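A structural walkthrough
What follows is the residue order along each chain.
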Amino acid sequence: MAKKFIYGIQQIGIGVKNAEIAFKWYAQTLGADALIFDDSNEATYMAKYMGGKSRSKRALLALNMQGGGGYEIWQYKNREPKAPENLFQIGDLGINFPVVKSRDIAKTFAVLKAKNVTILSGIVTEPDSVKAFYIKDPFDNILKIKENNQFYSNQNTSIAGVCAAVIGVSNIDESLQLYSTVLGYDQVIYDETAVFKDLKALNNGGKKFRRILLGHSENRTGGFAKLFGATQIELIQALDSKQNKIFENRFWGDLGYIHLCFDVKNINQLTKECNAIGLPFQVMSAASFDMGDANGHWGYIEDSDGTLIEFIETNKVPLIKKLGLNINLKNRDPEKPLPNWMIKAMNFKRVKKFK
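Quick caveat: nothing in here was measured; it's all calculated off a predicted structure. (Residues numbered from 1 in each chain as written. Predicted model: local features only at pLDDT ≥ 70, side-chain atom pairs only at ≥ 80, totals over all residues. Heavy atoms only, no water.)

Our next topic: the nonpolar core. Core analysis: the largest hydrophobic core is formed by 71 residues, its most contacted members being Tyr71, Ile233, Leu235, Leu260, Phe262 and Phe311. With near-sequence residues (within four places) excluded, Leu235 lies in contact with Ile167, Val169, Ile172, Ser175, Leu176, Tyr179, Arg210, Arg211, Ile212 and Leu214. (Core = buried A, V, L, I, M, F, W, Y, C linked by side-chain atoms within 4.5 Å. Buried < 20%, exposed > 50% of the residue type's maximum accessible area, 1.4 Å probe, protein only. Contact = heavy atoms within 4.5 Å.)

Listed below in structure tokens is the structure:
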């Protein structure tokens, strides 16, 4: 039996009204200026989550080349995306926010404040004794900035990419079957139930929650593992307040965090394991599917609360299009990392000038 590999968080999907404006903000503010693909076509596979039909869209994948996962910025081209029915409150069912890493939390706080970014909290200490703070992008999405010294490269800024995600669930113990057992987040960093000081700046943050922070007990290996770095998942369950479903009565691609995506190898084995726990794939692409200039095999499941989790088995990533230079992962040893020169060549994808 072929072994599956979960390498790390590749990206978090964000539904926006204008992908161009959103990419500019994430590039200039959070350093995610490497444009891995820019794909405009008809989204057909996700029809069941888009009112039962295909939709015209534009999707951009933006990475910070200092390391960490990226942002898939997703825009309907012929439909006005819908905002959430309820004001977001911490613990709502779905992706609450990504966690973005900073090598110097005080410096990052000062830099973002100088850029007039909306800062929601002061610097707080989390249950794992690591410092963090919260911001909001111009599109009403919350992000957590958290201290983390694992950077792939140093480009003289204190902020890198996504290293974790916080997901609201209705039952943590039930959710662990997916996140801990199948996805391999088998290390419990903390599991606490309390009223948490570090959440108090957020809507509903003064209530009681159970929070469990999960990591991997073993280092990730494989192609982009060094670039994405170690990742974590925090599950949060509200205990004395109602949890709204963030995407209730809305389409995938509407405003907000639409999915969490993992970089994987052997998606067919993963399919069997998800079936075994009663979470079958709801969407599956062709084995070789073009995403702009990139190519891969991808699919989606819903977690036990309906949150969409994407898995991508990447076949090809373009490096220098004019020269026809690509990263081909299809037949590589799944445990062998890509050479540094090949990952660093992705710096050619960085966008230096904006309109």
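Let's pick the thread back up.
Looking now at the pattern of salt bridges. Per the stated rule, a full pass over the model turns up 19 salt bridges. Ionic pairing is found between Arg210 and Asp173, a salt bridge with its closest N-O pair at 3.2 Å. With Arg210 in strand β12 (residues 208-215) and Asp173 in helix α3 (residues 172-182), this pair connects stretches of sequence that are 37 residues apart. In this structure Arg210 comes out as buried when scored by relative accessible area, which is 16%. A salt bridge links Asp198 to Arg211; the shortest N-O distance between them is 3.0 Å. Of the two residues, Asp198 sits in the loop between β11 (187-195) and β12 while Arg211 sits in strand β12, which places them 13 residues apart along the sequence. (Salt bridge = Lys/Arg side-chain N within 4 Å of Asp/Glu carboxyl O. Helix = DSSP H or I, 4+ residues; strand = E, 2+ residues; numbered from the N terminus.)

Inspection of every chain in the model, using the stated rule, returns 15 aromatic pairs. Cation over ring: Arg79 sits above Tyr76, and NZ or CZ is 4.8 Å from the ring centre. Sitting above the plane of the Phe196 ring, Arg211 keeps its charged end 4.6 Å from the centroid. (Phe/Tyr/Trp six-rings, centres within 6.5 Å; stacked < 30°, edge-to-face > 60°. Lys NZ or Arg CZ within 6 Å of the ring centre and 35° of its normal.)

Take the layout of surface pockets next. Considering only enclosed or pocket space, the largest pocket measures out at about 610 Å³ in volume. Broken down by secondary-structure element, the contributors of at least two residues to the lining of the largest pocket are β1 (5-16), β5 (94-102) and β14 (256-265). Looking at side-chain class alone, the lining of the largest pocket contains 15 nonpolar, eight polar and eight charged residues. (1 Å grid on protein atoms, 1.4 Å probe; cavity = no way out; pocket = protein on both sides within 12 Å on 5 of 7 lines; lining within 4 Å. Points joined across faces, edges and corners; volume = space filled by probe spheres on them. Nonpolar A, V, L, I, M, F, W, Y, C, P; charged D, E, K, R; others polar.)

Moving on to the pairing of β1. Where a strand is regular, its side chains alternate between the two sheet faces. Counting buried positions along β1 yields 12 of 12 residues, so the element is predominantly enclosed. Relative to β14, β1 is paired through nine bridges, and the arrangement is antiparallel. Paired with Gly15 across the two strands is Gly256, which belongs to β14. For β1 and strand β4 (residues 70-76), the ladder comprises six bridges, and the chain directions are parallel. Its bridge partner being in β4, Val16 is matched across the sheet by Gln75. (Pairing = 2+ DSSP bridges.)

Another aspect to go through is α3. Considered for burial, the residues of α3 that qualify are Ile172, Ser175, Leu176, Leu178, Tyr179, Ser180 and Val182. A distance of 3.1 Å separates the backbone nitrogen of Asp173 from a side-chain oxygen at the start of α3, and that oxygen is part of Asn171. Just downstream of α3 lies Gly184, where phi reads positive at about 80°. (Polar contact = N/O pair within 3.5 Å; in protein donor to acceptor, adjacent residues only side chain to side chain.)

In terms of burial, β5 is a largely internal element, nine of the nine residues being buried. Of the strand pairs in this sheet, β5 and strand β10 (residues 159-168) are connected by seven bridges, and their pairing is antiparallel. Considered in β10, the bridge of Ile95 is made with Ile167. Of the strand pairs in this sheet, β5 and strand β9 (residues 142-147) are connected by four bridges, and their pairing is parallel. For Val100, the partnering residue across the bridge sits in β9 and is Ile145.

Bringing unusual backbone geometry into the picture now. Positive phi, close to 75°, is recorded for Asn204, a residue that is not glycine. Here Asn204 lies in the loop between β11 and β12. Here Asn249, not a glycine, exhibits a phi torsion of approximately 60°, which is positive. Topologically, Asn249 is positioned in the loop between β13 (232-238) and β14. By relative accessible area, Asn249 is classed as exposed at 54%.

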